[in-house]
Amino acid sequence: MLGGTFDPVHLGHLRSAVELLEALGLDRVHMVPAKIPPLRGAPQVTPEERLALLRLGIGETPGLVADPRELERDGPSYSADTLASLRGEYGNQARLVMALGHDAFLRLADWQSPRRLFELAHLVVIDRPGHDAPLPSALAELIRGREVASAEALMRRPAGHLLRLALPTRMAISATEIRRRLASERSVRYLLPEAVEARILANLLYRRR
């Protein structure tokens with residue numbers, strides 16, 4: 001599971017999903033747009049539009065799935081509920097992984113039911129170069145004894161571990177910057193999949209109102 005607002009989905013999101021698939025030997029990556037993200041401001045376009053853009057971005061990419069389950073649920077988009085839904089589909093012995101970026105990881109102790117996440121899945125933190133500062137004390141306590149050093153060690157159990165993973169391609173693309181560029185009618189070429197860019201421009205999404 002790779003969640004996010006995907007506001008909008010860009011090539012950095014998609015490339016990370018492909019590299020997660022390969023690095024961990026996963027069967028598939030569920031890319032799950034949040035309907036109401038609990039710890040950040042509301043996205044600029046509707047959940048349905050963000051899902052449509054995600055589906056366009058994924059296209060026919062093997063192993064990537066645009067998963068609408070958080071859009072179909074009422075209330076805030078809590079990752080523990082999403083993982084519980086996936087666990088119900090795949091069964092108790094499936095290896096489930098939730099991937100998240102380093103910035104989100106640093107706030108993990110503030111999430112809804114953070115310990116439940118480890119009961120349901122492994123967590124994989126996509127490392128960012130130069131981010132090796134000491135962890136907040138609550139986060140350090142939360143992950144104590146859970147960290148493993150390799151994908152092989154991670155996959156020995158269905159859930160409960162944490163792996164820090166440096167992906168081969170580090171695309172420093174910012175959705176915030178993309179939104180700024182769109183608002184000021186500047187080019188976003190080569191930051192987004194062509195089909196995503198075309199829909200955004202055709203529907204005047206992210207323009208200043």
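Up top is the structure.
Thresholds, definitions, all that
Residues numbered from 1 in each chain as written. Predicted model: local features only at pLDDT ≥ 70, side-chain atom pairs only at ≥ 80, totals over all residues. Heavy atoms only, no water. Helix = DSSP H or I, 4+ residues; strand = E, 2+ residues; numbered from the N terminus. Contact = heavy atoms within 4.5 Å. Core = buried A, V, L, I, M, F, W, Y, C linked by side-chain atoms within 4.5 Å. Buried < 20%, exposed > 50% of the residue type's maximum accessible area, 1.4 Å probe, protein only. Phe/Tyr/Trp six-rings, centres within 6.5 Å; stacked < 30°, edge-to-face > 60°. Lys NZ or Arg CZ within 6 Å of the ring centre and 35° of its normal. Expected span 1.5 Å × (residues − 1). Pairing = 2+ DSSP bridges.

Quick notes on the side chain of Arg69
So, step 1. You can see Arg69 is positioned in the loop between β3 (64–66) and α3 (79–90).
So, step 2. Those residues in contact with Arg69, other than ones at most four positions away along the chain, are His30, Val32, Thr82, Ser85, Leu86 and Glu89.

Structural notes on the nonpolar core
So, step 1. Grouped together as the largest cluster of nonpolar side chains are 40 residues, with contacts concentrated most on Leu20, Leu24, Met31, Leu64, Val124, Leu154 and Ile200.
So, step 2. The greatest single-element share of this core, amounting to 6 residues, is contributed by helix α1 (residues 11–24).
So, step 3. Discounting chain neighbours no more than four positions away, the residues touching Leu24 are Val97, Val124, Ala151, Leu154, Met155, Leu163 and Leu165.
So, step 4. Counting 21 residues, the second largest nonpolar core, distinct from the first, contains Leu83, Leu108, Val125 and Leu139.

Things to note about the packing of aromatic side chains
So, step 1. Counted according to the given criterion, the structure contains 0 aromatic pairs.
So, step 2. For Arg146, the ring lying beneath its charged end belongs to Phe118, and the centroid distance is 4.3 Å.

A short note on unusual backbone geometry
So, step 1. Geometrically, the link from Asp7 to Pro8 is a cis peptide bond, its omega value of 0° lying close to zero.
So, step 2. For Pro8, the location among the structural elements is in the loop between β1 (2–4) and α1.
So, step 3. The phi dihedral of Tyr206 is positive, around 65°, even though this residue is not glycine.
So, step 4. Considering the arrangement of structural elements, one finds Tyr206 in the segment after α9 (194–202).
So, step 5. Residue Tyr206 is classed as buried on the basis of its relative accessible area of 2%.

A look at the environment of Phe6
So, step 1. Tracing the chain through its elements places Phe6 in the loop between β1 and α1.
So, step 2. On the basis of relative accessibility, which here comes to 2%, the residue Phe6 falls in the buried class.
So, step 3. Considering only alpha carbons, one finds Phe6 and Pro33, 27 residues apart in sequence, at a separation of 6.2 Å.

A few points about helix α2 (residues 47–58)
So, step 1. Given a rise of 1.5 Å per residue, 12 residues ought to cover 16 Å, and the 16 Å separating the end C-alpha atoms of α2 matches this to within 8%.
So, step 2. Taken together, the buried positions of α2 are occupied by Pro47, Glu49, Arg50, Leu51, Ala52, Leu53, Leu54, Gly57 and Ile58.
So, step 3. Along its buried surface, α2 packs onto α1, β2 (29–33), β3 and α9.
So, step 4. Gly59, located one to two residues past α2, shows a positive phi value of around 55°.

So, the pairing of strand β7 (residues 162–165)
Every regular strand shows the same layout, with side chains that alternate between the two sheet faces.
So, step 1. Across 4 bridges, the pairing between strand β5 (residues 122–126) and β7 is parallel. The residue of β7 that forms the bridge with Ile126 is Leu165.
So, step 2. Across 2 bridges, strand β6 (residues 147–148) lies against β7 in parallel orientation. When the sheet's bridge partners are listed, Val148 is paired in β7 with Leu163.

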